[in-house]
Amino acid sequence: YADILIRDAHPVKPFVAGAAFCPESPPSVAFSPDGRTILSRGGSLDETVKLWDVRRTSKPLWSFHGIRTRWPGSSIGFCGSDGSSIFVGSAAQSSGTSAGELLFLDSKRGGPDAMPIHSVLFDDGISPVSAAWHSSNRQFAIGCSDGSCRILYDRDRSQKGILLTSGRARKRQG
């Protein structure tokens, strides 16, 4: 294999030999559907999402700041058939008095003044940690900080997947 290095994409705490765990996770990464850009997410030291052109990795195309994370390896990714949107989880505050949220960003417009184009709030103290987008079904599977798994879907746009079970009547017990 050959590689392209994006040095210092996100700051990390140095690994301490013999430590029970690494306090800062390496960046999460995802390819765009067309393979021309890479999305990276830093950890709690910088709380940024950056979009990189794979042909020019000297600096990111844009950065989006202030996305809280408390979970190593929190997911990021592209959604939509053309990768026009990005999803990223933002953690609830450690006090448990705020809600985590799944944020949607425009992959074509980032920068210091960029705002999410949509967000989905979770219950107080609960954060989306891992997420996966299924482009054919148009649904998200989300693993949350409380141990639950959730499926997000749009009744009008989603196809198959969770919709195959959501319309069925529940079986009676007993």
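Just so it is clear, the structure is predicted and the values come from calculations on it, not from any experiment.

Brief notes about unusual backbone geometry
Residues other than glycine seldom take positive phi values, yet Arg-138 does so here, at roughly 60°. Mapped onto the fold, Arg-138 is located in the loop between strand S9 (128–134) and strand S10 (139–144). Residue classification places Arg-138 among the partly exposed residues on the basis of a relative accessible area of 39%.

Considerations on the side chain of Asp-106
Here Asp-106 is to be found in strand S7 (residues 99–106). Here the side chain of Asp-106 touches Lys-108 through a polar contact of 2.8 Å, landing on its backbone nitrogen. Dropping the residues within four chain positions of it, Asp-106 is found in contact with Trp-62, Ser-84 and Ile-117.

A few points about the nonpolar core
Generally speaking, a soluble globular protein has its nonpolar side chains buried in company with each other. Of all hydrophobic cores here, the largest spans 14 residues; its most connected members are Leu-39, Val-49, Trp-62, Phe-64, Ile-67, Val-88 and Leu-105. Secondary structure elements with two or more residues in this core: strand S3 (48–53), strand S4 (62–65), strand S5 (76–79), strand S6 (85–90) and S7. Once you skip the residues sitting within four places of it in the chain, Ile-67 turns out to touch Arg-41, Glu-47, Val-49, Val-88, Gly-89, Ser-90, Leu-103 and Leu-105. In this structure, Leu-102, Phe-122, Ala-131 and Ile-142 belong to the second largest nonpolar core, which totals ten residues.

A short note on the state of the cysteines
A full pass over the atoms with the stated rule returns zero disulfides. The structure places no disulfide on Cys-144, whose sulfur is separated from the nearest cysteine sulfur, that of Cys-149, by 7.5 Å. Cys-144 sits in the buried class, given a relative accessible area of 8%.

Observations regarding the pairing of S10
Taking burial as the measure, the six residues of S10 include five buried ones, the bulk of the element. Pairing analysis gives six bridges linking S9 to S10, with the strands arranged antiparallel. Bridge pairing in S10 links Pro-128 to Cys-144. Between S9 and S10, which pair antiparallel and follow one another directly, the connecting turn spans four residues, one of which, Arg-138, has a positive phi of 60°. With five bridges joining them, S10 and strand S11 (residues 149–153) adopt antiparallel strand pairing. When the sheet's bridge partners are listed, Gln-139 is paired in S11 with Tyr-153. From the end of S10 to the start of S11, which pair antiparallel, there are four residues, and Gly-147 there has a positive phi angle of about 90°.

Focus on the sheet that holds S9
Read across the sheet, three strands follow the order S9-S10-S11 without closing on themselves; strand pairing throughout is antiparallel. Of all the strands in the sheet, just S9 and S11 have a single pairing partner and so form its edges. Across the sheet, the axes of successive neighbouring strands diverge by a mean angle of 20°, strand direction being ignored.

Remarks on the environment of Gly-80
Position of Gly-80 relative to the elements: it lies in the loop between S5 and S6. Sequence separation between Gly-80 and Arg-138 is 58 residues; the distance between their C-alpha atoms is 7.9 Å. Ignoring any residue separated from it by four or fewer positions in sequence, one finds Gly-80 in contact with Pro-33 and Trp-133.

Focus: the packing of aromatic side chains
Scanning the model with the defined rule gives three aromatic pairs in all. Pairing Phe-104 with Phe-140 gives two aromatic rings, centres 5.5 Å apart and planes at 70°, and the pair type is edge-to-face. Note that Phe-104 is positioned in strand S7 and Phe-140 in strand S10, a separation of 36 residues in sequence. Across this residue pair, the class does not change: Phe-104 and Phe-140 are buried. An aromatic cluster is built from Phe-87, Phe-104, Trp-133 and Phe-140, whose rings are joined through pairwise contacts.

Here is what the cut-offs are and how they apply
Residues numbered from 1 in each chain as written. Predicted model: local features only at pLDDT ≥ 70, side-chain atom pairs only at ≥ 80, totals over all residues. Heavy atoms only, no water. Helix = DSSP H or I, 4+ residues; strand = E, 2+ residues; numbered from the N terminus. Buried < 20%, exposed > 50% of the residue type's maximum accessible area, 1.4 Å probe, protein only. Polar contact = N/O pair within 3.5 Å; in protein donor to acceptor, adjacent residues only side chain to side chain. Contact = heavy atoms within 4.5 Å. Core = buried A, V, L, I, M, F, W, Y, C linked by side-chain atoms within 4.5 Å. Disulfide = S-S within 2.5 Å. Pairing = 2+ DSSP bridges. Axes fitted to C-alpha atoms, helices over the stretch in contact; angles between N-to-C directions. Phe/Tyr/Trp six-rings, centres within 6.5 Å; stacked < 30°, edge-to-face > 60°.

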